[in-house]
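As a plain string of letters, each chain reads:
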Amino acid sequence: MAHIYVAFIALFLGGTAGLLQVLVRSGHFELPWGIGYYQVLTVHGVLLGLILTTFFIYGFQIAGVSRTSGTLSPKQRLICWIGFWTMTIGTAMSATMVLLNQASVLYTFYAPLQAHWIFYLGLTLVVVGSWIGGLGQALRWMQWRKENPNQNSPLLSFMVVCNNLMWFVATIGVASEVLFQLLPWSLGLVERVDILLSRTLFWSFGHALVYFWLLPAYMVWYVVVPKVIGGKIFSDALARLSFILFVIFSVPVGLHHQLTEPGVDGSWKFLQVILTMMVVIPSLLTAFSLFATFEIRGRELGGKGIFNWLKKLPWGDVRFFAPFMGMLIFIPGGAGGIVNASHQMNQLVHNTIWVTGHFHLTVATAVVLTFFGATYWLVPHLTGRTLTKELNRLGIIQTIIWAVGMAIMSSSMHIEGLLGAPRRSAFSDYGGAEIAKTWASYQIAQAVGGTLLFIGIIIFLYIFVKLRWSAPKGEEEFPIGTVAPHAEKTPAIFENFKVWIVILVALILIAYTYPIFDIIQNAPLGSKGYKLW
Amino acid sequence: MHLHKYEKYWLTFGVGSLIVFLLITGIMAFHNGSHPPSAKNTINHEKVDEIAPFNNPGVHKVSGKDWDYEVVIVASAFYYNPPELKVPVGSKVKFIATSKDVVHGFEISGTNINMMLEPGYISEYTTTVDKAGDYLIVCNEYCGVGHAQMHSMLKVVDKK
């Protein structure tokens, strides 16, 4: 529960920051008291992208591991608590510096813009805390494996371990950036920092980060949703296979964020584009498994014909409806991602607000709606209360508001991006340029969508408070699906993480050794720090 | 591991399209030379103003090269030098740009001319401008408080 509290405080503050942004960018609103637009943008990005997600994911994962592998031992519990407090202290440190306007470097750091060292140190603690917490979860899984030799471990725990492994490998890049570059530099120990290297290390983590958000949503889709609709998991083996593939192809692809940057050879960028696209395969696997589960269940309930079974699904149950809307919206989100990662197409949309639209579909809709859906059973499950009919209905309304708000905001961002409007910019008429005028109406649409989203957050928090403190007492289940009886047997190799780690490391070495060597070899004079906000 | 029959169809179709897609992208990249801007020349960003060609920003007609014009741009917070560019329609133009301080973007709105400018690196992109009109150049990478005010204008004009 502690994780969930921090997550939702972050949701509220970050959501408020988001609302302020869309209002400012509409050109009809100015921030009071000298608060900077980019300061608000930093709050929004860091709180929602890092804090809400990481804390929620850990709360969910700890609950999931202890539900499927057994209660944590006192030692494992203690490790998780140490992780939690390290993360929380780090969050408080960074948040303070952002609020003091000492760290308006947005969420990707943007060296040589230089933030206060306490900001960097705080974020380091968040990452280190997440390593500790992740270790606590993995230990429980290892204990289960020891107690049950030669058996497949519980699927949900297995997925948690996959996600933590990926997170650990991915954050090594950003940790070395902060520890060896940004911290000594912001403390004044070194004068200059290699910009391109810092960006490359950042993005080596930056893309895996999105899978760190996505995989817990997939856990809900694979394991929880089948149970909620009364069906079975289509195939345990397919689920594990797709998780392994996500782990392998999430890290060595960061260069696709740097396609238009100087200093990296085009061929190496192309190699990483190929590796990026591999992620299409587990995504297709996932789509197949999920819809197979839905169709089988719909037919069990008497659905006939090609699509009639769709009607039989429990649309009135928010535990199904919210994640399902997330899945649906993930389809255009994923398609947009293919455009972004395409070697040449990227040039049209790179750093335009199209990209912002893209990740508001994938993360802020697919992932966040799934987390909302999970909250509606996880919180009452933990607090010994029930999700009442009224709260369920309110949850459905909340989901619809969220989906509509995001559809309005995101589609206008996509169109505006194609027309060339940049991302991460305050309102500007660009010296009265004609093209900038065509952007204005989309910016107003974004403000409308963003306002709906803010209303969605308020309703969600209302439901959360109800579920925590005042809903009727009772038992709410933690839905864990079981595997369909006719599913294929799971090969033991999936549990052998040694094999996967070796492949992962090899791919990272192939994808990064030469570019990084080249970046260092060919490095220009490093940069001194700037503070331009 | 045995896959379900439909699963096999689905994956074959999916992976097949992926391969076709990557082949097209790959041929464009390596056969047609259509890589994104990736120049590797470096420069001392603190002395940009003294080093050619950046000591003389602007549009320069060149001869004996694969392109007709070189457009030299120096970006700094929060300004592009020069603030306005004029090139004749139909000419092949090489954009050569760099940053004097922090990371900036160089995006000509509504086109695929889009590159990052990083201190110490020279970014280059060659293209043919084949439609007359005014094109807004914006900074699309956050560079500080004046970020949204950082712009320039490319005028593609009829040949005289």
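Fair warning: this is a prediction, and the values are worked out from it, not measured in the lab.

**Student:** How would you sum up the overall build of chain A? Please name residues and give values.
**Tutor:** Helices and strands together make up the secondary structure of chain A, namely 15 helices and 0 strands. Taking 533 residues into account, the globule formula puts the C-alpha radius of gyration at 24 Å, and chain A, at 23 Å, falls close to it. Considering only C-alpha atoms, chain A reaches an extent of 65 × 50 × 45 Å along its principal axes. When each of the 533 residues of chain A is scored for burial, the buried share is 64%. Intrachain contacts of chain A at a sequence separation of at least 6 include 84% that bridge at least 24 residues. When the accessible surface of chain A is split by element, carbon and sulfur atoms take 70% of a total near 19,000 Å². Of note, chain A has its 32 positive side-chain charges centred 9 Å away from the centre of its 21 negative side-chain charges.

**Student:** Break down the overall build of chain B for me, with residues and values.
**Tutor:** Helix and strand content of chain B: 1 helix and 10 strands. Along chain B, helices and strands appear, N-terminal first, in the series α-β-β-β-β-β-β-β-β-β-β. Out of the 160 residues belonging to chain B, those deemed buried represent 52%. Put simply, 60% of the contacts in chain B that link residues at least 6 apart link residues at least 24 apart. Accessible surface, chain B: about 7,200 Å² in total, of which carbon and sulfur atoms supply 55%.

**Student:** Describe helix α6 (residues 195-228) of chain A, and please don't skip the residues or the numbers.
**Tutor:** Residues and elements named next belong to chain A. Taking 1.5 Å as the rise per residue, α6 with 34 residues should run 50 Å; its terminal C-alpha atoms sit 49 Å apart, in good agreement. The largest bend in α6 is about 30°, located at W221. Structurally, the start of α6 carries an N-cap: the backbone nitrogen of L196 is 3.3 Å from a side-chain oxygen of D194. A positive phi of about 85° marks G230, the residue just after α6.

**Student:** I'd like to hear about the confidence of the model for chain B, residue by residue, with values.
**Tutor:** Chain-level pLDDT for chain B is 82 on average; 89% of the residues reach the 70-or-more range. Scoring the predicted complex yields pTM 0.84 and, for the interface, ipTM 0.82.

**Student:** A description of the interface of chain A and chain B should follow, citing residues and the corresponding values.
**Tutor:** Every contact between the two is made by 78 residues of chain A and, on the other side, 66 residues of chain B. Here chain A meets chain B over a buried area of about 5,600 Å², counting both sides, of which 65% is carbon and sulfur. Broken down residue by residue, the surface that chain A buries against chain B is led by P262(A), Q344(A) and Q347(A), which jointly contribute 12%. The partner of E141(B) in a salt bridge is R199(A), and the shortest N-O contact between them spans 3.0 Å.

**Student:** Quick rundown of the sheet that holds strand β9 (residues 133-138) of chain B? Include the residues and the values.
**Tutor:** Residues and elements named next belong to chain B. One open sheet holds the 5 strands; their spatial order is β4-β10-β9-β6-β7, and the pairing between them is mixed. Edge positions in the sheet fall to β4 (84-88) and β7 (114-117), since each of these pairs with one other strand and no more. Across the sheet, the mean angle separating the axes of adjacent strands is 20° when strand polarity is ignored. Here β4 runs beside strand β10 (residues 151-157); their pairing, made up of 5 bridges, is parallel. What sits directly across from V87, in β10, is V156.

**Student:** Describe the environment of G129(A), listing the residues and the values that go with them.
**Tutor:** Residue and element names in this part refer to chain A. With respect to the secondary-structure elements, G129 resides in helix α4 (residues 117-147). Spatially, the C-alpha atom of G129 lies 8.3 Å from that of T88, the residues being 41 residues apart in sequence. Not counting chain neighbours up to four residues away, the residues in contact with G129 comprise G83, T86 and M87.

**Student:** Tell me about the packing of aromatic side chains, and name the residues and values.
**Tutor:** The full count for this structure, using the stated rule, is 24 aromatic pairs over all chains. Judged by centre distance (4.1 Å) and plane angle (25°), the ring pair of F372(A) and F460(A) falls under stacked. With F372(A) in helix α12 (residues 353-383) and F460(A) in helix α14 (residues 434-470), the pair connects residues that are 88 residues apart, well separated along the chain. Feature note: the residues Y58(A), W167(A), F202(A), W203(A), F205(A) and F212(A) constitute an aromatic cluster, connected by ring pairs. Above the face of the F158(A) ring, R240(A) is positioned so that its terminal group lies 4.8 Å from the ring centre. Positioned above the aromatic ring of Y69(B), the side-chain terminus of K61(B) is 4.9 Å from the ring centre.

**Student:** An account of helix α8 (residues 266-277) of chain A is requested, with residue identities and associated values reported.
**Tutor:** Helix length check: α8(A) (12 residues) gives 17 Å between terminal C-alpha atoms against 16 Å at 1.5 Å per residue, within 8%. Taken residue by residue, α8(A) has G266(A), K269(A), F270(A), Q272(A), V273(A), L275(A), T276(A) and M277(A) as its buried positions.

**Student:** Lay out the pattern of salt bridges with the relevant residues and their values.
**Tutor:** Pairing is possible between side chains that carry opposite charge, provided their charged atoms lie close to one another. All names here are of chain A. Under the criterion given, the structure shown has 8 salt bridges over all chains. Here R240 makes a salt bridge to D236, at a shortest N to O gap of 2.8 Å. You can see R240 and its partner D236 sitting in helix α7 (residues 236-248), 4 residues apart, about one turn around the helix. By the burial criterion, R240 is buried, and D236 matches it.

Rules used throughout
Residues numbered from 1 in each chain as written. Chains lettered and ligands numbered in written order. Predicted model: local features only at pLDDT ≥ 70, side-chain atom pairs only at ≥ 80, totals over all residues. Heavy atoms only, no water. Helix = DSSP H or I, 4+ residues; strand = E, 2+ residues; numbered from the N terminus. Rg over C-alpha atoms; globule rule 2.2 N^0.38 Å. Buried < 20%, exposed > 50% of the residue type's maximum accessible area, 1.4 Å probe, protein only. Contact = heavy atoms within 4.5 Å. Areas by Shrake-Rupley, 256 points an atom, 1.4 Å probe, with all protein chains shown as cover. Lys, Arg positive; Asp, Glu negative; His and termini not counted. Charge placed at Lys NZ, Arg CZ, Asp CG, Glu CD. Expected span 1.5 Å × (residues − 1). Bend = angle between axes of the 7 residues up to and from the residue. Polar contact = N/O pair within 3.5 Å; in protein donor to acceptor, adjacent residues only side chain to side chain. pLDDT = per-residue confidence, 0-100. Buried area = accessible area lost by both parts, 1.4 Å probe. Salt bridge = Lys/Arg side-chain N within 4 Å of Asp/Glu carboxyl O. Pairing = 2+ DSSP bridges. Axes fitted to C-alpha atoms, helices over the stretch in contact; angles between N-to-C directions. Phe/Tyr/Trp six-rings, centres within 6.5 Å; stacked < 30°, edge-to-face > 60°. Lys NZ or Arg CZ within 6 Å of the ring centre and 35° of its normal.

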